[in-house]
Amino acid sequence: MGSPVSNRAGSRGDFLVNFRAPWNWTGKSRKNNSRQLVCQGQELPQPDAFVPLEMLSSSQSYIGQILQPTYNPEFLSHSSYADSFDEEPPLLEELGINFDHIWQKTLTVLNPIKPADGSIMNETDLTGPMVFCLALGATLLLAGKVHFGYVYGISAVGCLGIHALLNLMSIAGVSYGCVASVLGYCLLPMVVLSSCAVFFSLQGILGTSLALIIIGWCSLSASKIFISALAMEGQQLLVAYPCALLYGLFALLTVF
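It should be emphasised that the depicted structure is a prediction, and the values quoted were computed from it without experimental measurement.

*Asks:* Could you clarify how one ought to interpret the side chain of Ser170 in this entry?
*Replies:* Relative to the elements of secondary structure, Ser170 occurs in the loop between helix H7 (148-169) and helix H8 (176-185). Side-chain polar atoms of Ser170 contact the backbone oxygen of Leu166, separated by 2.7 Å. Here Gly173 takes part through its backbone nitrogen, which lies 3.4 Å from a polar atom of the side chain of Ser170. Setting aside residues up to four positions removed in sequence, Ser170 forms contacts with Leu230 and Met232.

Here is the structure:
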């Protein structure tokens, strides 16, 4: 029978052996794993060493993007903004102001014999009519007649009457803006008559004859444009008569 001291020592030694065994086994397993990795051609990295991405296994590789911004189609680049600005139409074209068409319409009005282009005359362009109405009022003002309200009032009522008449006579129909545009452009000869009233009086035979010529000029130009735009062949005189009545009112304002 052993002494109590020897028994305690033996039990203590067994405890140490049992306690250290797992760590030894773990160390052996680590050594075996490291040997297997070396045999397979892969080196085990040191704990404090820098490990590049190439040395990591394919199962543990990082599949994201490091410090690389992703493309977002919602945000356009500067070049796309520049291209969009280059492709935008001019400001006058966006506002519906085309000086080439204005010049062609003006030449068509000044030459009643010249055939009118229906595609151009069918546009709703009010730039020229507004300018000619202002010019008519300005020349009447220079002659001592303040008739701006009469000019715009007669123009509005006359456009309504001609618009209703043309929609009854034509099959295709016409918009109010197109009627106002054509009648406004054909007001240009009346501006010439009011300009003559600034220099001499039109209350006489010469003034009356000149006024009749201007009325015929305006009505023939307007009827020619309406006929070509609405395909109303053989009805020019029927359209010219109400136009002559309308321009006769402007002639009365100018003469008297």
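*Asks:* Can you help me understand the packing of aromatic side chains in this one?
*Replies:* Note on aromatic pairs: each is described by the distance of the centres and the angle between the planes. Taken as a whole, this structure holds two aromatic pairs when the rule is applied. An angle of 80 degrees between the planes, with centres 5.9 Å apart, marks the rings of Phe132 and Tyr185 as edge-to-face. Taken as a pair, Phe132 in helix H6 (residues 127-142) and Tyr185 in helix H8 lie far apart in primary sequence, 53 residues in all. Across this residue pair, the class does not change: Phe132 and Tyr185 are buried. Between Tyr247 and Phe250 the ring centres are 6.4 Å apart and the planes differ by 40 degrees, which places this aromatic pair in the tilted class. In this pair, Tyr247 and Phe250 are both assigned in helix H11 (residues 236-255), three residues apart and thus about one turn of the helix distant. Both residues of the pair, Tyr247 and Phe250, count as buried.

*Asks:* Help me understand the side chain of Asp125 in this model?
*Replies:* Structurally, Asp125 is set in the loop between helix H5 (118-121) and H6. No salt bridge is formed by the buried Asp125; its nearest oppositely charged neighbour, Lys105, is found at 4.0 Å. Within polar-contact distance, the side chain of Asp125 engages the backbone nitrogen of Thr127 at 3.2 Å.

*Asks:* Help me out: how do you make sense of the nonpolar core in this one?
*Replies:* Proteins that are soluble and globular tend to have nonpolar side chains buried together. Counting 45 residues, the largest nonpolar core has Leu166, Leu183, Met190, Phe226, Tyr247 and Phe250 as its most contacted members. Contributions of two or more residues to this core are made by helix H4 (99-110), H6, H7, H8, helix H9 (188-199), helix H10 (205-230) and H11. The element best represented in this core is H10, accounting for nine residues. With residues up to four places along the chain from it excluded, the contact list for Leu183 reads Gly158, Cys159, Ile162, Ala222, Phe226, Cys243, Leu246 and Tyr247.

*Asks:* Looking at this structure, how should I read the environment of Leu212?
*Replies:* If you trace the backbone, Leu212 turns up in helix H10. Owing to a relative accessible area of 57%, Leu212 belongs among the exposed residues under this scheme. Counting along the chain gives 36 residues from Leu212 to Gly248, while the straight-line C-alpha distance between them is 8.2 Å.

*Asks:* Is there a simple way to explain the packing of H6 against H8 in this structure?
*Replies:* Packed helix pairs are characterised by how far apart their axes lie and by the angle those axes make with each other. Here H6 crosses H8 at 45 degrees, and the two axes come no closer than 8 Å. As summarised for this structure, H6 and H8 are arranged oblique, according to the angle between their axes. Here the hand of the crossing between H6 and H8 comes out left-handed. Mapping the contact onto sequence places Gly128, Pro129 and Phe132 in H6 and Ala180, Ser181, Gly184 and Tyr185 in H8. Each residue belonging to the contact of H6 with H8 can be placed in one class, and the counts come to four nonpolar, three polar and no charged.

*Asks:* Could you clarify how one ought to interpret H9 in this entry?
*Replies:* An α-helical turn contains 3.6 residues, so any two residues separated by three or four positions project in the same direction. Listed in full, the buried residues belonging to H9 are Leu188, Pro189, Met190, Val191, Leu193, Ser194 and Ala197. The elements touched by buried residues of H9 are H4, H6, H8, H10 and H11.

*Asks:* Would you mind showing me how to read a nonpolar patch on the surface here?
*Replies:* On the surface, Leu142, Val198, Phe199, Phe200 and Leu206 cluster together into a nonpolar patch covering about 570 Å² of accessible area. Topologically, Phe200 is positioned in the loop between H9 and H10.

*Asks:* I tried to follow H10 on my own but got confused; where do I start?
*Replies:* Under the 1.5 Å per step criterion, the end-to-end length of H10 is 37 Å for 26 residues, consistent within 8% with the ideal 38 Å. Ala231, located one to two residues past H10, shows a positive phi value of around 55 degrees.

About the criteria used
- Residues numbered from 1 in each chain as written.
- Predicted model: local features only at pLDDT ≥ 70, side-chain atom pairs only at ≥ 80, totals over all residues.
- Heavy atoms only, no water.
- Helix = DSSP H or I, 4+ residues; strand = E, 2+ residues; numbered from the N terminus.
- Polar contact = N/O pair within 3.5 Å; in protein donor to acceptor, adjacent residues only side chain to side chain.
- Contact = heavy atoms within 4.5 Å.
- Phe/Tyr/Trp six-rings, centres within 6.5 Å; stacked < 30°, edge-to-face > 60°.
- Buried < 20%, exposed > 50% of the residue type's maximum accessible area, 1.4 Å probe, protein only.
- Lys, Arg positive; Asp, Glu negative; His and termini not counted.
- Salt bridge = Lys/Arg side-chain N within 4 Å of Asp/Glu carboxyl O.
- Core = buried A, V, L, I, M, F, W, Y, C linked by side-chain atoms within 4.5 Å.
- Axes fitted to C-alpha atoms, helices over the stretch in contact; angles between N-to-C directions.
- Parallel < 35°, antiparallel > 145°, perpendicular 65-115°, else oblique.
- Left-handed = near helix turned anticlockwise from the far one by under 90°.
- Nonpolar A, V, L, I, M, F, W, Y, C, P; charged D, E, K, R; others polar.
- Patch = residues over 30% accessible without salt bridge, like charges linked within 9 Å, V, L, I, M, F, W, Y side chains within 5 Å.
- Areas by Shrake-Rupley, 256 points an atom, 1.4 Å probe, with all protein chains shown as cover.
- Expected span 1.5 Å × (residues − 1).

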